[in-house]
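Working through the structure, step by step
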Amino acid sequence: MAGAASFTTTTLLFVLLSQTAFTAAASIGNFLRDFDITWGNNGRAKIMNDGNLLQLSLDQKSGSGFQSKNQYLFGKIDMKMKLVPGNSAGTVTAYYLSSQGPEQDEIDFEFLGNLSGQPYTLHTNVFTRGKGNREQQFHLWFDPAADFHTYSILWNPQQIVWSVDGVPIRVFDNLEKRGVLYPNSRLMRVYSSLWNADEWATRGGLVKTDWSKAPFVASYSGFNADACVWHPAAGSSTCANGRSSNGWFGEEMDATGLQRLKWVRKNYMVYNYCTDPKRFPHGLPPECSTGF
Ligand SMILES: *[C@@H]1O[C@H](CO)[C@@H](O)[C@H](O)[C@H]1NC(C)=O
């Protein structure tokens, strides 16, 4: 009897554990379910490991790319990425949210490749109604091609925060009250592409892509979107992990976040449009007055 009882207990435990595993897996993205490959014939983009891994590649004929099936209006969206290793000079891996059609809203991460041993530049920007010109660039405190790291966009009604492994690197506050357009009405998809941009990407275009190193490959895993998803058939959206006051929807940067942001800006920021007045003969954009 003791044997039977422990068998039952073990079985029950197994069932509970597998349910937990299932629930956890269900809340995490799957590339087969959540994305469409939109660019790059002949297997340049491929989804592997039952939808848990995606790779983009670039050769002299073409790059490749994918986009989310869902459209979002606000979210906290994470992606693990491992960038092109070795000599990635001339390549750009873009990972961004964008609305469709003209005058787009857009929130960007772009990774500009470099020669082996030289740092990638992480380029960020935000567009509202088609207007960008808000570049901030960073080097990273690790080699982004050696391992997967998490790149996150928190986009809620208060602010947009770009984070790397949970460390905020940039914030764009909602300053609509001061006349700065904020992306809060257009649905966005998640996009990524790997392409050749050797006219400008590496040291301003001085270093060209070395095609003898092709194909160049970037890898993706661990997609997670706690987001408000638009359901076209229903004409409405539902928000994952809620609009509760302490959830992502209401999140605002706390003191720890601010401290980390300052650490990144002090040590790793290599360009900031807000400190480049010669680009703005009529004065710096109003959002620059926040200091970020
Ligand atoms: C590449 O390396 C050079 C030299 O260290 C650096 O100035 C530059 O910011 C790096 N990134 C790119 C994309 O050029």
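Residues numbered from 1 in each chain as written. Predicted model: local features only at pLDDT ≥ 70, side-chain atom pairs only at ≥ 80, totals over all residues. Heavy atoms only, no water.

**Let's talk about the state of the cysteines**
How we decide: What counts as a disulfide here is a pair of cysteine sulfur atoms lying within 2.5 Å. The secondary structure listing takes helices from DSSP runs of H or I that are at least 4 residues long and strands from runs of E that are at least 2 residues long, numbered from the N terminus.
As enumerated under the stated definition, the model contains two disulfides in all. Cys-228 shares a disulfide with Cys-239; S-S distance 2.1 Å. Disulfide Cys-228-Cys-239: torsion about the S-S bond near 105°, hence right-handed. Taken together, the positions of Cys-228 in strand 14 (residues 216–231) and Cys-239 in strand 15 (residues 236–239) put the pair 11 residues apart, joining distant regions of the chain.

**Description of the site of the ligand**
Which entries qualify depends on this criterion: A molecule or strand has a residue near it when one of that residue's heavy atoms lies within 4 Å. Pairing of N or O atoms within 3.5 Å defines a polar contact, subject to two protein rules: one partner must be a possible hydrogen donor and the other a possible acceptor, and residues neighboring in sequence count only if both atoms are side-chain atoms. Here the accessible surface of atoms and residues is derived via Shrake-Rupley with a 1.4 Å probe, and residues count as covered only by protein chains that are part of the display. Throughout, the ten residues Ala, Val, Leu, Ile, Met, Phe, Trp, Tyr, Cys and Pro are labelled nonpolar, Asp, Glu, Lys and Arg are labelled charged, and all others, Gly among them, are labelled polar.
Near the ligand the following residues occur: Leu-112, Gly-113, Asn-114, Gln-118, Pro-119, Thr-121, His-139, Ala-201, Thr-202 and Arg-203. For the ligand, a nitrogen atom lies 3.2 Å from a polar atom in the backbone of Pro-119. Within the side chain of His-139, one N or O atom sits 3.1 Å away from an oxygen atom of the ligand. Protein contacts shield 71% of the accessible area of the ligand, which totals 350 Å² for the unbound molecule. Its residues placed into classes, the shell around the ligand shows three nonpolar, six polar and one charged.

**A word on the pairing of strand 14**
Selection criterion: A pair of strands is labelled paired if DSSP reports no fewer than 2 bridges between them.
Sheet topology places strand 3 (residues 53–58) next to strand 14; six bridges connect them, and they run antiparallel. Bridge assignment links Leu-56 to a residue of strand 14, and that residue is Ala-218. Here strand 5 (residues 72–82) pairs with strand 14 via eight bridges, running antiparallel. By the bridge assignment for strand 14, Lys-80 is matched with Ser-221. Across four bridges, the pairing between strand 14 and strand 15 is antiparallel. Looking at strand 15, one finds that Trp-230 is bridged to Ser-237.

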